[in-house]
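Each chain, letter by letter, is given below.
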Amino acid sequence: MKKKIDDEIVKVEQELTGESVVSGWGLGKAYFVGRAVQQQETSAVNISREAVGGEIIRFNEIRDRARRDYRKLIQDLDSESTVDSSILNVYEHILDDPAFIGQVVETISAKLFDLETSIRMVSNDFIKRFDSAGTAYLKERSSDMVEVCEKLVSYLHNEDGRAKTFAEPVVLIVLRTFTPSDILAYDRSKISAVITVSGGKTSHAAILARSYNIPVISGVRNISDHIAPNDEVLVDADKGTVFVHPSAAVVSEYHKKTHGEEIYRELKSKWNRPVYTRDGIRIEVLANISLPEDAEEAVLNGADGIGLVRTEYLLSNRKDMPPEEAHMAYYESILSKGRGKHTTIRLMDIGGDKIPQFFDMPQEFNPFMGWRAIRIFLERKEIFETQVAAILKAGKGHDYSIMVPMVTTLQEWMEAKAFIREVAAKVGIPMPKCGVLFEVPLATLEINMFMKEIDFASIGTNDLIQYLSAADRNNSKVNYLYNPVEPAFLRIIRNAIKIANDNGKPLSICGEMAGHPLHTVLLIGLGLRRFSVIPRSVPLIKEIIANISFAEAAESISHIDVIESMDEMLEWLKNLNLRLLGDVLKRIPYIESSV
């Protein structure tokens, strides 16, 4: 958008919105990448019958070339030791998929379309089927098909595949589904951020971007109507906001965030050790992870242990249940990269939005409150026996425990624990400590009934708040009801912590609430001594804890019983932080992103 003032053209700031996929800030010149794959109509190019053989030969040649290039990328990533290279292996499987190859060859030979048209048509057909699958997991797999299509078509346009570099930082603009090659095709040190039409948080591209700390915003509408090549663009992926021609004030805020990175690095170096409150109470700050590389990052950020391993990520992009050997390799890698720190492995939380390709799930109107996690575990024990046996074998010689998600009743828990004991006896390995992830309201309200039967407890605040408030936190129409400082919710949390402490059972909080710097004083006051947060938040939370008096926080929390409304609670919490921490929070980077 432009405005003429005194015969000069002044570029006016525009603000666009989207969904945060990878948090962070980035500033750079807009650079448009890729060719649009998902189009309403594909312009078809016909060939003669005589040209069919040549097109099929070219197809095999570019598939071989793509396979070599992916293997080279895998070697490069392995040498950098920053990314799980297995996220690229899936593309080789697509390149060798008989269904994909057969449909492209048939489109060339039967319909007499050229190679590019055939690849695009078949890819679009696969993409539509993935998008209509009804689960977030399969919808995000459509990006894998986009990736392979883009790679093959690029060879037809004589692109050599070498990484391109830039003279200054850029913000990549992707007018289709975001794919890993959109990052790997360029000098990553020059990529400040990515803006894309579509792409989810668990896609391969998102995992890769997160590994390189590249902010990503998805779902921005009509991008090309608002952004032109070389426009200055500032991305605030903490809030899902894009500034085109950002004002001096917005750029100044960005530079403050950049300074925050320096503070984060200082805290990361400082807190590679235990943390105590000002009055000498030891507080553990654990990490939530999904991949072996996350365990390594957790250690580097000073985590006192791994509070939650989300094992269902092992199932990504698999067409069948992984064998015990694959399970064991996954757990052994996590345990070894954890460098001897205690690791809590959560059994697979299948269901909801985490449905493997190979798993035959019934049609459900509300899958988040349907057949998932322990409910599947108890009905299909043969599926989970493989996982339990692999954890037990991989854990030999390591400090670990097993946690069961979505437990509703004590009877469920007793049956699950008995099964774990049975598997342990079968493989000849002592039963490890086992605990419950309390995220179902009924179980949380009856937590005292579980105390004699569990070794430890964890509270998953994300699902617990959602179920207590009957509000989907991802639904913008009702997410105002999703608030962890709701007075009634805090009383439930306080009761659970007190019961666990009175019974001498360790209890952690592993939801987003634990990683929110404004909630740290509150949770310490409620009696919490174990936080479990994303690895990057570990040093930030430790810095806050070191400035808190456990006794003062506990004394202050006694007032929550007289607070009736959420607005009052927010105001009281703000004043509590100011009184007990002073200006400490102002020094903590990313405080706004956690609000």
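## Focus on the overall build of the protein chain
Helix and strand content of the protein chain: 21 helices and 19 strands. As presented, the protein chain carries roughly 26,500 Å² of accessible surface, and 49% of it is formed by carbon and sulfur atoms.

## A closer look at the pattern of salt bridges
Applying the stated criterion across every chain, the model contains 21 salt bridges. In this structure, lysine 381 engages glutamate 415 in a salt bridge whose closest nitrogen and oxygen atoms are separated by 3.2 Å. Here lysine 381, found in helix H13 (residues 381–394), pairs with glutamate 415, found in helix H14 (residues 410–427); they are 34 residues apart in sequence, far enough to count as distant. Owing to a relative accessible area of 25%, lysine 381 belongs among the partly exposed residues under this scheme. Three or more residues are tied together by salt bridges with common partners; here these are Arg63, Asp64, Arg67 and Asp96.

## Quick word on the packing of aromatic side chains
For the coordinates displayed, the defined rule picks out eight aromatic pairs. Taking 4.8 Å as the distance between ring centres and 70° as the angle between the ring planes, the aromatic pair formed by tyrosine 31 and phenylalanine 166 counts as edge-to-face. In this pair, tyrosine 31 is assigned in strand S5 (residues 25–33) and phenylalanine 166 in the loop between helix H5 (136–156) and strand S6 (170–177), connecting sequence segments 135 residues apart. Exposure remark for phenylalanine 166: the relative accessible area of 16% places this residue in the buried category. A centroid spacing of 5.1 Å and a plane angle of 45° characterise the contact between phenylalanine 377 and phenylalanine 384, whose relative ring orientation is tilted. This pair shows no difference in class: phenylalanine 377 is buried, exactly as phenylalanine 384 is. Pairwise contacts between aromatic rings join Phe59, Phe100 and Phe126 into one cluster. Looking at arginine 273, its charged tip hangs above the ring of tryptophan 271, at a distance of 4.3 Å from the centre. Over the ring of phenylalanine 550 we find arginine 529, and its NZ or CZ is 5.0 Å from the ring centre.

## Observations regarding the nonpolar core
The biggest cluster of nonpolar side chains holds 103 residues, and the ones touching the most others in it are Phe377, Phe438, Leu507, Leu522, Leu526, Phe531 and Trp572. Considering every element that reaches this core, the biggest residue donor is H13, with eight residues. Dropping the residues within four chain positions of it, phenylalanine 377 is found in contact with Leu347, Phe384, Val388, Ala416, Phe419 and Ile420. Leu112, Ile119, Val153 and Val194 belong to the second largest nonpolar core, which has 49 residues in total.

## A short note on the packing of helix H9 (residues 248–270) against helix H19 (residues 538–545)
Helix-helix packing: each pair is described by the crossing angle between the helix axes and the interaxial distance. Axis separation between H9 and H19 bottoms out at 9 Å; the angle between their running directions is 75°. Here H19 runs roughly perpendicular to H9, going by the angle between their axes. Residues Tyr264, Leu267, Lys268 and Lys270 of H9 lie in contact with H19, whose contacting residues are Pro539, Leu540 and Glu543. Considered class by class, the residues forming the contact of H9 with H19 number four nonpolar, no polar and three charged.

## Some words on unusual backbone geometry
In this structure, asparagine 230 takes a positive phi of about 75° despite not being glycine. Residue placement: asparagine 230 occurs in the loop between helix H8 (223–226) and strand S9 (232–236). Here the phi dihedral of arginine 339 falls at roughly 50°; this positive angle occurs in a residue that is not glycine. When you line up the elements, arginine 339 lands in the loop between helix H11 (324–337) and strand S14 (343–346). Note on arginine 339: relative accessible area 54%, which makes it exposed.

## Notes on the sheet that holds S9
Strand order in the open sheet formed by eight strands is S3-S10-S9-S5-S6-S7-S8-S4, and the pairing between neighbours is mixed. The two strands at the open ends of the sheet, each matched to only one other strand, are strand S3 (14–17) and strand S4 (19–22). Adjacent strand axes in the sheet meet at a mean angle of 30°, parallel and antiparallel pairs treated alike. Taken together, the four bridges between S3 and strand S10 (residues 241–244) define a ladder with antiparallel strand orientation. Bridge pairing in S10 places glutamine 14 opposite valine 244. Against the sheet, H9 engages S5, S9 and S10, with an angle of about 110° to S5.

## Side note on H11
Taking 1.5 Å of rise per residue, 14 residues should cover 20 Å, and H11 covers 20 Å from first to last C-alpha, within 8% of that figure. Among the residues of H11, His327, Met328, Tyr330, Tyr331, Ile334 and Leu335 are the ones counted as buried. Across the axial projection of H11, the buried residues extend over an arc of 160°, all falling on one side. In this structure, the buried side of H11 is in contact with strand S12 (282–289), helix H10 (292–300), strand S13 (306–310), S14, H13 and strand S15 (400–404). One or two residues past the end of H11 sits arginine 339, with phi positive at roughly 50°.

## Structural notes on the pairing of S13
The buried count for S13 comes to four of five residues, which makes it a mostly enclosed element. Pairing analysis gives three bridges linking S12 to S13, with the strands arranged parallel. Bridging across to S13, isoleucine 289 finds its partner in valine 309. For S13 and S14, the ladder comprises three bridges, and the chain directions are parallel. Note that in S14 the partner of arginine 310 across the bridge is arginine 346.

## Regarding H10
Of the positions making up H10, those classed as buried are Pro292, Ala295, Ala298 and Val299. Along H10, the residues classed as buried sweep out an arc of 110° about the axis, all on the same side. Residues of H10 that are buried sit in contact with S12, S13 and H11. Backbone geometry just downstream of H10 places glycine 302 in the positive-phi region, at approximately 90°.

## Considerations on the side chain of glutamate 543
In this fold, glutamate 543 is placed in helix H19. On the basis of relative accessible area, glutamate 543 is assigned to the buried category, the value being 8%.

## Some points on the environment of leucine 184
Mapped onto the secondary structure, leucine 184 falls in helix H6 (residues 181–184). Residues leucine 184 and leucine 73, 111 residues apart in the sequence, show an inter-C-alpha distance of 8.1 Å.

## Digging into the confidence of the model for the protein chain
Residues with a pLDDT of 70 or more make up 84% of the protein chain, whose mean pLDDT is 84. At the level of individual helices and strands, the protein chain shows its lowest average pLDDT in strand S1 (residues 2–5), which scores 43, and its highest in strand S11 (residues 275–276), which scores 98. Note that residues 1–9 has pLDDT below 50 and, in this model, 12 contacts with residues that lie over four places away or in other chains. Per-residue pLDDT stays below 50 along residues 36–42; that stretch engages in 18 contacts with residues further than four places along the chain or on separate chains.

What counts and what doesn't
Residues numbered from 1 in each chain as written. Predicted model: local features only at pLDDT ≥ 70, side-chain atom pairs only at ≥ 80, totals over all residues. Heavy atoms only, no water. Helix = DSSP H or I, 4+ residues; strand = E, 2+ residues; numbered from the N terminus. Areas by Shrake-Rupley, 256 points an atom, 1.4 Å probe, with all protein chains shown as cover. Salt bridge = Lys/Arg side-chain N within 4 Å of Asp/Glu carboxyl O. Buried < 20%, exposed > 50% of the residue type's maximum accessible area, 1.4 Å probe, protein only. Phe/Tyr/Trp six-rings, centres within 6.5 Å; stacked < 30°, edge-to-face > 60°. Lys NZ or Arg CZ within 6 Å of the ring centre and 35° of its normal. Core = buried A, V, L, I, M, F, W, Y, C linked by side-chain atoms within 4.5 Å. Contact = heavy atoms within 4.5 Å. Axes fitted to C-alpha atoms, helices over the stretch in contact; angles between N-to-C directions. Parallel < 35°, antiparallel > 145°, perpendicular 65-115°, else oblique. Nonpolar A, V, L, I, M, F, W, Y, C, P; charged D, E, K, R; others polar. Pairing = 2+ DSSP bridges. Expected span 1.5 Å × (residues − 1). Arc of directions from axis to C-beta. pLDDT = per-residue confidence, 0-100.

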